Amino acid sequence: MNVLTTFHIVSYAKYQYLNGDQKGDDYYIGKVIVTNNDIKFIPVKTYENVGVGSLKRIIQGFTSSKPRLNINEETEFLEKKLSEFLSKGIRIQDSEGKYLIVKFGEENFIPALRSYLSESRGIVSSGVGDKYFQSGWAKTRENELENNREYYNFEYPFQKMTAKEYSQHFVQKLGITK
């Protein structure tokens, strides 16, 4: 089993409360490992209260449109998506605006997967991700996860971006900020 690459995945929470937008906590949820014949998600083993507090989830269910993060739900979602990508490939857009399907094992599969993961959840640098994974931390330490986020153009997955370029790209393409 040759490991080709590892992506450390985070969830950036932003909740819509009754009194307006408030930034929630950022969570490290685990790592995606791509080998020469498989893709798998390994969730962080944590003792932190990451969405398992039923009272907190009930209260937050009434006051926000997004509940607290739950590692088990995230794991189930990512495992399903990765299995789908393994069997069917990933849909990307090329530089001419045409949609292509990149299959597992093709040259552009890893950049396409990285782009999907950075858009749907988030990717942090390996140094920070390894520290969180080994320590069993989920909840961010101050703003460490946000400050070490990697940004990729979600339309053209081979282009790395700065945080400012990424934000401008969102506004320009989708009319929203992230």
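Residues numbered from 1 in each chain as written. Predicted model: local features only at pLDDT ≥ 70, side-chain atom pairs only at ≥ 80, totals over all residues. Heavy atoms only, no water.

**Some remarks on the packing of aromatic side chains**
Piece 1. All told, the structure shown has four aromatic pairs when counted by the stated rule.
Piece 2. When the centroid spacing of 5.9 Å and the interplanar angle of 45 degrees are considered together, the rings of Tyr-28 and Tyr-132 count as tilted. Highlighted residues: Tyr-28 in strand S2 (residues 20–35) and Tyr-132 in helix H4 (residues 126–135), separated in sequence by 104 residues.
Piece 3. Relative accessible area serves as the criterion here: at 0%, Tyr-28 is assigned to the buried category.
Piece 4. Take Tyr-132: its relative accessible area is 0%, and that puts it in the buried class.
Piece 5. Ring geometry for Phe-104 versus Phe-109: centroids 5.3 Å apart, planes at 85 degrees, classification edge-to-face. (Phe/Tyr/Trp six-rings, centres within 6.5 Å; stacked < 30°, edge-to-face > 60°. Helix = DSSP H or I, 4+ residues; strand = E, 2+ residues; numbered from the N terminus. Buried < 20%, exposed > 50% of the residue type's maximum accessible area, 1.4 Å probe, protein only.)

**A word on the environment of Leu-145**
Piece 1. Position of Leu-145 among the secondary structure elements: in helix H5 (residues 144–147).
Piece 2. Assessed through its relative accessible area of 0%, Leu-145 is described here as buried.
Piece 3. A sequence separation of 21 residues divides Leu-145 from Val-124, and the C-alpha atoms of the two residues are 6.5 Å apart.
Piece 4. Dropping the residues within four chain positions of it, Leu-145 is found in contact with Val-10, Tyr-12, Asp-26, Tyr-27, Tyr-28, Val-124, Val-128, Tyr-132, Ala-138 and Thr-140. (Contact = heavy atoms within 4.5 Å.)

**Overview of the nonpolar core**
Within soluble globular proteins, side chains that are nonpolar tend to cluster in buried spots.
Piece 1. Within the largest apolar cluster, 30 residues are counted, with the highest numbers of intra-cluster contacts made by Phe-7, Ile-9, Val-32, Leu-113 and Leu-117.
Piece 2. Those elements that provide at least two residues to this core are strand S1 (3–17), S2, strand S3 (39–43), helix H2 (71–88), strand S4 (90–93), helix H3 (109–120), strand S6 (123–124) and H4.
Piece 3. In this structure, Leu-117 is in contact with Phe-7, Ile-9, Val-32, Leu-78, Gly-122 and Ile-123, ignoring residues within four places of it in sequence. (Core = buried A, V, L, I, M, F, W, Y, C linked by side-chain atoms within 4.5 Å.)

**Considerations on the side chain of Thr-140**
Piece 1. Mapping Thr-140 onto the fold places it in the loop between H4 and H5.
Piece 2. A polar atom in the side chain of Thr-140 sits 3.2 Å from the backbone nitrogen of Leu-145.
Piece 3. Setting aside its immediate chain neighbours within four residues, Thr-140 contacts Asp-26, Tyr-132 and Leu-145. (Polar contact = N/O pair within 3.5 Å; in protein donor to acceptor, adjacent residues only side chain to side chain.)

**Quick notes on H3**
Piece 1. For H3, with 12 residues, the first-to-last C-alpha span of 16 Å sits near the 16 Å given by 1.5 Å per residue.
Piece 2. The buried fraction of H3 is high, at nine of 12 residues.
Piece 3. All of the buried residues along H3 are Phe-109, Pro-111, Ala-112, Leu-113, Arg-114, Ser-115, Tyr-116, Leu-117 and Ser-118.
Piece 4. Positioned one or two residues after H3, Gly-122 has a phi angle of 155 degrees, which is positive. (Expected span 1.5 Å × (residues − 1).)

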